[in-house]
Each structure stands twice: as structure tokens, then as C-alpha cells.
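# Residue-level structural notes
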Amino acid sequence: MSVQHDFGASIRGEFMTRYLENLALLERMHRLMLDVIKDEFERLGVVDINPVQALLLYNIGDNEVTAGELRTRGYYQGSNVSYNLKKLVELGYMHHQRCSVDRRSVRVKLTPKGQNVRQQISALFQRHAEGMLDGSVIEFTTLDTIARALRRIERYWGDQIRYIY
């Protein structure tokens, strides 16, 4: 009696296993990145904002944006971004003003205090990039391949949200 192998099912099973491993890795890396920022801020004596808020400042940069624009860009969830923006304004890291066109909308931009945090995060990322490159942790071509793969997954997930549901 010959045993037939369903190679398609085998490949699908292996793919599913690898997909789930990568999802878990992405989640762990995000949490680890937040821990790295928290550790850096503890060393610098920045204790009034959390790593998520620091990344928000970093991502806003020199732009003037609304909470809706941040959500649209895919950086943050709705209530999360609104809470953090409000907190950052209260702490003096951001300016805010009502949009002249849509009075319901509030535009925010970094204050000098917010720009300082952005520069600290930028310096941290710069040190890490140089350390990875100098220490041969990862090659540019590999990093580029990973980025392209992650963009394809991002597009696929975005399409699932927009077109399937």
C-alpha cells in the first residue's frame, strides 16, 4: 500500500507555523523597542512621558497633524492617539489649535520640549543603526529584504481591512 503525501497541505502547515512565529516575533520586537526607549529615558531622567508618547513625538516630527491623520497613516489607534496627544499637550510637549476649516479638528505640532524628545529618540535610533552595521548584526541587503516583505504584509493586511470587511 502506497502512502500518498499531500505536499500542498504540508507546505501550508509549515507556512502557517512560520507565519505565526513571525507574528509573535513582530509583537515581541515592538514591546522590546518600547523597553529600549523606556530604558534610555530612565538614563536621561525623562519620566513624565511613556515610550508610546515618545514615539508619537518622533513620528510627528516637524509636521503639523491631526489625530485623524495619525490614525490614517496607521501609526495609532483612535482613542489611544487622542489620549496621548491630550497628555502631551498638557505636559508641554505639543502645541494645539483648532483647525480653521474644520472647527471640530485640532492640529498639533511639537514644542521645543517635544523636539528635544524627538532628537533624543533619533539619536538612540542612530546609535543602534550604527552599532548594528558596525557589529555586522545585519547587512543592508537583508534589512532591505525584510522591509520589502513587511510592506507587502502591511499592504495585504490593509487590503483585508478595507475590502473584506
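Residues numbered from 1 in each chain as written. Predicted model: local features only at pLDDT ≥ 70, side-chain atom pairs only at ≥ 80, totals over all residues. Heavy atoms only, no water.

## Digging into the nonpolar core
- Core analysis: the largest hydrophobic core is formed by 23 residues, its most contacted members being Ile 49, Ile 60, Leu 85 and Met 94.
- Elements that contribute at least two residues to this core include exactly helix H1 (7-44), helix H2 (51-60), helix H3 (67-72), helix H4 (78-90), strand S3 (106-110) and helix H5 (112-134).
- Of all the elements, H2 adds the most residues to this core, at five residues. (Core = buried A, V, L, I, M, F, W, Y, C linked by side-chain atoms within 4.5 Å. Buried < 20%, exposed > 50% of the residue type's maximum accessible area, 1.4 Å probe, protein only. Helix = DSSP H or I, 4+ residues; strand = E, 2+ residues; numbered from the N terminus.)

## Digging into H2
- Among the 10 residues in H2, seven count as buried, and that is most of the element.
- Among the residues of H2, Pro 51, Gln 53, Ala 54, Leu 55, Leu 56, Leu 57 and Ile 60 are the ones counted as buried.
- Within two residues after H2, Gly 61 carries a phi angle of roughly 60 degrees, on the positive side.

## Considering the side chain of Asn 84
- Mapped onto the elements, Asn 84 comes out in helix H4.
- Within the local environment of Asn 84, its side chain forms a polar contact with the side chain of Gln 53, the two groups lying 2.9 Å apart. (Polar contact = N/O pair within 3.5 Å; in protein donor to acceptor, adjacent residues only side chain to side chain.)

## Some remarks on the pattern of salt bridges
- Counted according to the given criterion, the structure contains 11 salt bridges.
- A salt bridge links Arg 43 to Asp 39, with the nearest nitrogen and oxygen atoms 2.5 Å apart. Pair noted here: Arg 43 and Asp 39 are both in helix H1, with a separation of four residues, about one helical turn.
- On the basis of relative accessible area, Arg 43 is assigned to the exposed category, the value being 59%.
- A salt bridge links Lys 86 to Glu 90, with the nearest nitrogen and oxygen atoms 3.9 Å apart. Here Glu 90 and Lys 86 lie together in helix H4, a separation of four residues that amounts to about one turn. (Salt bridge = Lys/Arg side-chain N within 4 Å of Asp/Glu carboxyl O.)

Function-wise, these values are silent; they only describe arrangement.
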